[in-house]
Amino acid sequence: MEHVVIDNLITTPFGAQTTAAEVLADVDLSGKRAIVTGGASGIGRETARVLAAAGAEVTIAVRDLTAGAQVAKEIAPASGPGTVRAAMLDLAGQTSVRAFVEAWQGPLHILVLNAGVMASPLERTKEGWEMQFATNHLGHFALATGLHSNLGAARGARVVAVSSVGHVNGDVLFDDINFEQHAYDPWAAYSQSKTANVLFAAEAGRRWASDLIVVNALNPGRITSTRLGRHIGDIFNSPASFDATNTDVSWKNIEQGAATSVLLAASPLVEGVTGRYFEDCNEAGPHQPGVRRGVAAHALNPQHAARLWQISVDALAAAATTA
């Protein structure tokens, strides 16, 4: 079974209601090593569980190591080669990211950049970075680039960036990424961080192709019963798309929400595919105004992707000199 290209878009037999377990039903990941950030809850937990069930050695990267260790025990397969362990990682702390990278030894076949925060009140890291951008983009950028040699050693590694349809609401605010001049808007901050996830995938896919590392981004859909939306009740004027009766988004349970992540992480159907954006287990078409689907042109802009990459490199370098 192979993917099909229709109108220059990659399609698979799977769709919005497919579960992660169904995507990997016949896939053997024995001998593969994977990291899933935010793997202690929500779609991250399900992603880690299904990868391990297929035989992978999975590390869930978590802020709460005690809770993470309990989750790892709960989702580890009862038999077979797959295993699950927890390791400490605070994406908002560059010291924590560097420690995680330095502790990792050997090849890395799958890196799922899943953890995130959405529409949180204004908060800054010690570097002065706005928290959503720092967590959703810069922390993951530091992790992925820090593990580049390990990914390269796998000779066919996959990096998966979990973005959101929220990216269509706005580009990266290049003139004021950290909201130092503009009034803070939690939704604008969220949108730019999710656009940054897609731009990262586009640029990393280009830069790392010769290393046989593929990088793709995705929209998991609107997932019920996760902690990602915990701040929404604190925010006035939440987008109408967060109304549970809205039909312009793909409402999913956790098992369905993890499916596109798992597809890009391990399915042979997308072998060698890189620098693209998926939703509902298929490559997304261009975003159309008024519909909460598709990929916005600004998120695939190659000049913006290259600019964001350099800004990110410079930000991490500056942080390292003051650590």
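Anything mentioned here points back to the structure above.
Below is a short write-up of the structure. Because the structure is predicted, anything quoted here is derived from the model rather than measured.

1. A word on helix H7 (residues 186–207)
At 3.6 residues per turn, the α-helix brings residues three or four places apart onto the same side. For H7, spanning 22 residues, the distance from its first C-alpha to its last is 31 Å, which sits close to the expected 32 Å at 1.5 Å a residue. Most of H7 is tucked away, with 19 of its 22 residues classed as buried. One side-chain oxygen at the N-terminal end of H7 lies 2.8 Å from the backbone nitrogen of Trp187; it belongs to Asp185.

2. Side note on helix H9 (residues 259–266)
Judged by how many residues are buried, H9 sits mostly within the fold: eight of eight residues are covered. When H9 is considered as a whole, its buried residues turn out to be Ala259, Thr260, Ser261, Val262, Leu263, Leu264, Ala265 and Ala266.

3. Some words on unusual backbone geometry
For Arg155, which is not glycine, the phi dihedral falls at a positive 55°. Following the sequence through the fold, Arg155 ends up in the loop between helix H6 (148–153) and strand E7 (158–162). Phi is positive for Leu212, which is not a glycine, with a value near 60°. Position of Leu212 relative to the elements: it lies in the loop between H7 and strand E8 (214–219). Judged by its relative accessible area of 42%, Leu212 falls in the partly exposed class.

4. Describing the nonpolar core
Of all hydrophobic cores here, the largest spans 50 residues; its most connected members are Leu111, Leu143, Val159, Phe200 and Trp208. Contributions of two or more residues to this core are made by helix H4 (94–103), strand E6 (110–113), helix H5 (131–146), E7, H7, E8 and helix H10 (302–322). For this core, the leading source of residues is H5, giving seven residues. Leave out the neighbours within four places in its chain, and Leu143 touches Thr37, Leu89, Val97, Phe100, Val101, Leu111 and Leu113.

5. A closer look at the pairing of E7
Most of E7 sits out of view: five of its five residues are buried. Here E7 shows two buried faces, one formed by Arg158, Val160 and Val162 and the other by Val159 and Ala161. In this sheet, E7 lies alongside E6 in parallel orientation, the contact comprising four bridges. Across the sheet, Leu111 pairs through a bridge with Val159, a residue of E7. Bridging between E7 and E8 involves five bridges; their strand directions are parallel. Looking at the pairing, Val160 lines up with Asn216 of E8. At this point the chain moves from E7, through H7, to the parallel E8, and the crossover so formed is right-handed.

6. Examining the sheet that holds E7
Read across the sheet, eight strands follow the order E5-E4-E3-E6-E7-E8-E11-E12 without closing on themselves; strand pairing throughout is mixed. With one partner strand each, in any of the chains shown, strand E5 (83–88) and strand E12 (282–283) form the two edges of the open sheet. In this structure, E8 lies alongside strand E11 (residues 277–279), joined through three bridges in parallel fashion. Each bridged residue has a counterpart across the sheet, and for Leu218 the counterpart in E11 is Phe278. Each of strand E3 (33–37), strand E4 (57–62) and E5 is contacted by H4, which is oriented at about 140° to E5, the strand it contacts most. Along the sheet face, H7 touches E6, E7, E8 and E11 and points at about 155° away from the line of E8.

7. Details of the pattern of salt bridges
Per the stated rule, a full pass over the model turns up nine salt bridges. With its nearest N and O atoms 3.0 Å apart, the salt bridge here joins Glu74 to Arg45. Here the residue Glu74 occupies a position in helix H3 (residues 65–75), and Arg45 occupies one in helix H2 (residues 42–53), the gap between them amounting to 29 residues. Arg45 gets classed as partly exposed once you look at its relative accessible area, which sits at 29%. One salt bridge in this structure joins Arg206 and Glu203, with 2.6 Å as the shortest N-O distance. Separated by three residues within a single helix, Arg206 and Glu203 lie in helix H7, roughly one turn from each other. Classification of Glu203 by relative accessible area gives buried; the value is 3%. Each of Glu203, Arg206 and Arg207 takes part in one network of salt bridges that share partners.

Rules and cut-offs
- Residues numbered from 1 in each chain as written.
- Predicted model: local features only at pLDDT ≥ 70, side-chain atom pairs only at ≥ 80, totals over all residues.
- Heavy atoms only, no water.
- Helix = DSSP H or I, 4+ residues; strand = E, 2+ residues; numbered from the N terminus.
- Expected span 1.5 Å × (residues − 1).
- Buried < 20%, exposed > 50% of the residue type's maximum accessible area, 1.4 Å probe, protein only.
- Polar contact = N/O pair within 3.5 Å; in protein donor to acceptor, adjacent residues only side chain to side chain.
- Core = buried A, V, L, I, M, F, W, Y, C linked by side-chain atoms within 4.5 Å.
- Contact = heavy atoms within 4.5 Å.
- Pairing = 2+ DSSP bridges.
- Right-handed = clockwise from strand over helix to strand, strands pointing away.
- Axes fitted to C-alpha atoms, helices over the stretch in contact; angles between N-to-C directions.
- Salt bridge = Lys/Arg side-chain N within 4 Å of Asp/Glu carboxyl O.

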